[in-house]
Amino acid sequence: TKPEVLLRKSLHQRGMRYRLNRYIVGRFKADIAFPTSKVVVMVDGCFWHGCPQHGRKSFNGPNSYAWENKIDSNKQRDKRATILMEQAGWTVLRYWECQINQDLEGVTGQIIGI
């Protein structure tokens, strides 16, 4: 996604080297992984992952139930993935796309500081 690419470029410009789409636990992939320090960065889209600030609060129309179910299942999958990665000894950092768009430097600094 565009916010993920922005974050990767920002990290790379500061000398950070990472792996992309690496499987961490089972079928769960990290958007950005730092294997030597065991840090995972996940960039969650506001729409698809249900951002409390920018995500849809409700859906209308004939497929409203399907959309609500999809977003809820994404949230549950994110929680499971975080728990399993943490149990495997990884530090999991999750950022909303809006956080990256609003404060790229701050997010980059947090990641570098870990």
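Residues numbered from 1 in each chain as written. Predicted model: local features only at pLDDT ≥ 70, side-chain atom pairs only at ≥ 80, totals over all residues. Heavy atoms only, no water.

### A word on the pairing of strand S1 (residues 19-25)
Right, so step 1: Note: S1 against strand S2 (residues 28-34), 5 bridges, orientation antiparallel. Within the sheet, the bridge partner assigned to valine 25 lies in S2 and is phenylalanine 28. (Pairing = 2+ DSSP bridges. Helix = DSSP H or I, 4+ residues; strand = E, 2+ residues; numbered from the N terminus.)

### A few points about the environment of tyrosine 18
Right, so step 1: Note on placement: tyrosine 18 falls in the loop between helix H1 (2-13) and S1.
Right, so step 2: Exposure remark for tyrosine 18: the relative accessible area of 16% places this residue in the buried category.
Right, so step 3: Considered as a pair, tyrosine 18 and lysine 57 are 39 residues apart in the sequence and their alpha carbons are 35 Å apart.
Right, so step 4: One polar contact links the side chain of tyrosine 18 to the main-chain carbonyl oxygen of arginine 8, over a distance of 3.1 Å. (Buried < 20%, exposed > 50% of the residue type's maximum accessible area, 1.4 Å probe, protein only. Polar contact = N/O pair within 3.5 Å; in protein donor to acceptor, adjacent residues only side chain to side chain.)

### What about H1?
Because each turn of an α-helix spans 3.6 residues, side chains separated by three or four positions end up pointing in the same direction.
Right, so step 1: The end-to-end C-alpha separation of H1 is 17 Å, in line with the 16 Å expected for 12 residues at 1.5 Å each.
Right, so step 2: Among the structural elements, S2, strand S3 (39-44), helix H4 (97-102) and helix H5 (104-113) are those in contact with the buried residues of H1.
Right, so step 3: A positive phi of about 85° marks glycine 15, the residue just after H1. (Expected span 1.5 Å × (residues − 1). Contact = heavy atoms within 4.5 Å.)

### Thoughts on the side chain of threonine 108
Right, so step 1: Relative to the elements of secondary structure, threonine 108 occurs in helix H5.
Right, so step 2: You can call threonine 108 buried: its relative accessible area is 1%.
Right, so step 3: The residues contacting threonine 108, other than those within four sequence positions of it, are Leu7, Ser10, Leu11 and Arg14.

### Here's the deal with the sheet that holds strand S4 (residues 91-96)
Right, so step 1: Strand order in the open sheet formed by 4 strands is S1-S2-S3-S4, and the pairing between neighbours is mixed. Each edge of the open sheet is held by one strand with a lone partner, namely S1 and S4. When strand polarity is set aside, the average angle formed by the axes of neighbouring strands in this sheet is 45°.
Right, so step 2: Alignment of S2 against S3, held across 3 bridges, turns out to be antiparallel. Its bridge partner lying in S3, alanine 33 is registered against valine 40.
Right, so step 3: Most of the contacts of H5 go to S4, to which it runs at about 180°, and overall it touches S2, S3 and S4. (Axes fitted to C-alpha atoms, helices over the stretch in contact; angles between N-to-C directions.)

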